[in-house]
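Chain by chain, the residues:
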Amino acid sequence: TMASEDESGSSGDDLPTKIEGPQPKQAIKGGKKRPSKAERQKDRRDLRKYVNKQRTLIFASRGITHRDRHFMADLRDLLPHSKKDVKFDSKAKLFLVNEVAEMKNCNNCIFFEARKGKDLYMWMSRIPSGPSVKFLVENLHTMSELKLTGNCLKGSRPLLLFDKNFDESPAFRLLKEMLTQVLGSPKGHPKVKPFVDHQFSFFLQDNRIWFRNYQLVKSGDKGSQDVDTLVEIGPRFCLNPVRILSGSFGGTTLWQNPDFVTPNRMRAMRKRGKQDVVRERRDQMKKRKKHQAKHFIGEDELDLVF
């Protein structure tokens, strides 16, 4: 009767109701809270964040040879953050390269200057305030010439390896920093793939920078991630630094290579060496004729008998 009705009423009031407001996060094994979807997306955006915005313009002047053109194409393939432009007409007004780079929205520039159809100079500059470096490209071998077995993914990021001799001189420390900023592919660039499978190696020998590109080959074990083999990809080239300027394609000379000899002077020395060989041969022939004339005995009478 009344007691049963009170019991039934109290039982209806004790039923659990829906709790309004934010629900507590579910706990996973180990007592740690599972991150929310917003936090996971934020962490993913941080990994892909494009902070170091480096863009390199690679182009050349008129008069480059077919080998120089293939080398420039190889360099563009190795640098996914690079841009290209048509050939530059003016040879005397190199400061106009800054305007071309600014129109392309690039803060680095690699400019190839060809002279006499034989010599190739590489300008490497930071746009627009500098500094800039002028190199003479020597011992150039493109990837099509070498036919090496190494291979890497196009657009992947390279490791940069520098010789310890770069830290011994302030000039070469500056060159190391410029090579890092110009040739290093920035993380998060739209055209850069998140893989590291090759290595740019820079060695300092005879006051020259020797460049090699290697593939990083991991060991055959499935669980191991150690790199145990380097396979060369190409290209190969040597950079002979000429001078470092304070501005971009101009300014005062911060450093000049005292051991640099121009290619014209080298060719003149080789020609002079060949001329010296011919001159010595002529001098020997003159000395021989004078010796024969001085020690002439005369004709033998018995030569006409038989």
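My aim in this report is to walk through the structure given alongside it, one point at a time. (Residues numbered from 1 in each chain as written. Predicted model: local features only at pLDDT ≥ 70, side-chain atom pairs only at ≥ 80, totals over all residues. Heavy atoms only, no water.)

**Some thoughts on the packing of aromatic side chains**
Rules: Each Phe, Tyr or Trp ring, with Trp reduced to its six-membered ring, pairs with another whose centre is within 6.5 Å; inter-plane angles below 30 degrees give stacked pairs, above 60 give edge-to-face pairs, and intermediate values give tilted ones. The helix count covers DSSP runs of H or I at least four residues long, the strand count covers runs of E at least two residues long, and both are numbered beginning at the N terminus. A ring is scored as having a charge over it whenever the NZ atom of a lysine or the CZ atom of an arginine sits within 6 Å of its centre and within 35 degrees of its normal.
Taken as a whole and judged by the stated rule, the model has 14 aromatic pairs. Both rings, one in F88 and one in F111, keep their centres 5.7 Å apart while their planes meet at 90 degrees; by these two values the pair is edge-to-face. Of the two residues, F88 sits in the loop between β2 (82-84) and α4 (97-103) while F111 sits in strand β3 (residues 108-115), which places them 23 residues apart along the sequence. A connected cluster of aromatic rings, assembled from ring pairs, spans F71, F112, F162, F166, F172, F200, F202, F211, F237 and W255. For the cation-ring pair, R115 lies above Y121, with the distance from its terminal atom to the ring centre recorded as 4.8 Å.

**A closer look at the pattern of salt bridges**
Where charged atoms from two side chains of opposite charge approach closely, those side chains can pair. Applicable threshold: Take a side-chain nitrogen of Lys or Arg and a carboxyl oxygen of Asp or Glu: if they are within 4 Å of each other, that pair is a salt bridge.
Following the criterion strictly, the structure yields 11 salt bridges and no others. A cluster of three or more residues bridged by salt bridges with shared partners is formed by R212, E232 and R236.

**Some remarks on unusual backbone geometry**
The cut-off we apply is this: Each residue is assigned to one of three classes by its accessible area relative to the maximum for its type, calculated with a 1.4 Å probe on protein chains only: buried under 20%, partly exposed between the two thresholds, exposed over 50%.
With an omega dihedral of 0 degrees, the bond running from I127 to P128 counts as a cis peptide bond. Note the cis peptide between G234 and P235, where omega equals 0 degrees. We note that N207 has phi near 60 degrees; this positive angle belongs to a residue other than glycine. Secondary-structure assignment places N207 in the loop between β7 (193-205) and β8 (208-218). Relative accessible area serves as the criterion here: at 32%, N207 is assigned to the partly exposed category.

**Looking at the environment of V196**
Here V196 is to be found in strand β7. Note on V196: relative accessible area 44%, which makes it partly exposed. V196 sits 19 residues away from Q215 along the chain, and the two C-alpha atoms are 9.5 Å apart.

**Observations concerning the pairing of strand β11 (residues 250-256)**
In plain terms, the rule: Between any two strands, at least two bridges found by DSSP are needed for them to pair.
Judged from the 4 bridges that link them, strand β10 (residues 236-247) and β11 form a sheet pairing that is antiparallel. Opposite L245, over in β11, you have T253 as the bridge partner. Between β10 and β11, which follow one another and run antiparallel, lie 2 residues, and F249 among them has a positive phi close to 60 degrees.

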